[in-house]
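Summary of structural features
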Amino acid sequence: EDGGGLNYVEACSPRATPGQSLHAGVVEIVLAPHACCRFASVQNWAQPVYSLATRRAALHERATIHWIGGNLGSRVTMSYPSVHLRGRAARAEMLSVSIAGAGQHQDTGCKVLHAAPDTSCKVLAKSIAKDGGRTAFRGRVQVLHGSRHARSHVRCDSLILDPHSRCDTYPHLEVRERDAVVGHEASVSRIAVEQLFYLMSRGLSESEASQTIVLGFIEPLLKELPMCYAVPLNRLIQLEMSHAVG
């Protein structure tokens, strides 16, 4: 409702299943004027699970949403949270982290629709591919007629841990207002030998040094989660990375 606030945390971590399974979750959020919502979702599905999630939010005047997502596990994940900025000065911040290991494909992204003046959106996506895994980020930003002074920035950073893994980025920008400011940037990198050498010279093993670099890479997500979820996620990522290098 008007001026309301909500802080919601969703965590999924089922036991291993003997056969293939499907998760088709749906989340819909509607924010009235001046309302604020913080939605955090950490998905750690078992390997045979196919996760096809539908998530969307509609924001009215001066409403704000903080969308935080973590995607681990599952054979295939397809998740593209969408935000419709329908009211003047509505604002969205979207932060996501995806980790793909052997036999996994994390296909994630975002959809942002600017449908009112003075709206803004900031997207930061981090992805890690290891052991032949594949990650993909699909970003779609639309600025409609009448959405004057809209501002949108999408940033996608990928980290590849071995020669057999793959990271892709598929941006789509559609701008119909001359004074809109829209940007997209993407980067792909590997763990630098210099970083490993420095940390190992401080007494860390190669595996510990790699884990430290990876945790620093995804720090923006960990900072946004409550402590009771950030600590287990930190340990889970360390377990995921323990066999990646070293």
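**Considering the overall build of the protein**
On a plain count of helices and strands, the protein comes out with four helices and 15 strands. At 19 Å, the protein has a C-alpha radius of gyration in line with the 18 Å of a compact globule built from 246 residues. Expressed along its principal axes, the backbone C-alpha trace of the protein runs to roughly 55 × 40 × 30 Å. Going through the 246 residues of the protein one by one, you find that 51% of them count as buried. Of all intrachain contacts in the protein linking residues separated by at least 6 positions in sequence, the fraction that spans at least 24 positions is 85%. Approximately 12,100 Å² of the protein is accessible, and the part contributed by carbon and sulfur atoms is 52%. Positive and negative side-chain charges of the protein, numbering 26 and 22 respectively, have mean locations separated by a distance of 3 Å.

**Focus on a nonpolar patch on the surface**
On the surface, a cluster of nonpolar side chains totalling about 270 Å² of accessible area is made up of L22, L52 and M78. As for its position among the elements, L22 is in strand β2 (residues 21-23).

**Examining the nonpolar core**
Counting 26 residues, the largest nonpolar core has I128, I218, L225, L233 and I237 as its most contacted members. When residues in this core are grouped by element, the largest group, five residues, is from helix α2 (residues 206-217). A63, W67, C110 and V123 belong to the second largest nonpolar core, which has 25 residues in total.

**A word on the packing of aromatic side chains**
Taken as a whole and assessed by the stated rule, the structure comprises two aromatic pairs. Look at Y8 and F39: their rings are 5.2 Å apart centre to centre, the planes differ by 10°, and that puts the pair in the stacked class. Linking Y8 in strand β1 (residues 5-12) with F39 in strand β4 (residues 36-45), this pair joins segments that are 31 residues apart in sequence. Using a relative accessible area of 39% as the deciding quantity, one classes Y8 as partly exposed. Classification of F39 as buried rests on a relative accessible area of 4%. When the centroid spacing of 5.5 Å and the interplanar angle of 50° are considered together, the rings of F39 and W67 count as tilted. Taken together, the residues span a long stretch of sequence, with F39 in strand β4 and W67 in strand β6 (residues 64-73) at a distance of 28 residues.

**With respect to the pattern of salt bridges**
Under the definition given, this model contains 12 salt bridges. Residue D118 is joined to R88 by a salt bridge in which the shortest nitrogen-to-oxygen separation is 2.8 Å. Taken together, the residues span a long stretch of sequence, with D118 in the loop between β10 (105-114) and β11 (120-129) and R88 in the loop between β8 (82-85) and β9 (91-100) at a distance of 30 residues. Here D118 falls in the partly exposed class, since its relative accessible area comes to 27%.

**Notes on α2**
With 12 residues, α2 should reach 16 Å at 1.5 Å per residue; the first-to-last C-alpha distance of 17 Å fits that figure. When α2 is considered as a whole, its buried residues turn out to be S207, A209, S210, Q211, I213, V214, L215 and F217.

**Thoughts on unusual backbone geometry**
The phi angle at H34 is positive, at roughly 70°, despite the residue not being glycine. Looking at where H34 falls in the secondary structure, it is placed in the loop between β3 (26-31) and β4. One non-glycine residue, R62, adopts positive backbone phi at about 55°. Its location among the elements puts R62 in the loop between β5 (49-59) and β6.

What counts, and where the lines are drawn
Residues numbered from 1 in each chain as written. Predicted model: local features only at pLDDT ≥ 70, side-chain atom pairs only at ≥ 80, totals over all residues. Heavy atoms only, no water. Helix = DSSP H or I, 4+ residues; strand = E, 2+ residues; numbered from the N terminus. Rg over C-alpha atoms; globule rule 2.2 N^0.38 Å. Buried < 20%, exposed > 50% of the residue type's maximum accessible area, 1.4 Å probe, protein only. Contact = heavy atoms within 4.5 Å. Areas by Shrake-Rupley, 256 points an atom, 1.4 Å probe, with all protein chains shown as cover. Lys, Arg positive; Asp, Glu negative; His and termini not counted. Charge placed at Lys NZ, Arg CZ, Asp CG, Glu CD. Patch = residues over 30% accessible without salt bridge, like charges linked within 9 Å, V, L, I, M, F, W, Y side chains within 5 Å. Salt bridge = Lys/Arg side-chain N within 4 Å of Asp/Glu carboxyl O. Core = buried A, V, L, I, M, F, W, Y, C linked by side-chain atoms within 4.5 Å. Phe/Tyr/Trp six-rings, centres within 6.5 Å; stacked < 30°, edge-to-face > 60°. Expected span 1.5 Å × (residues − 1).

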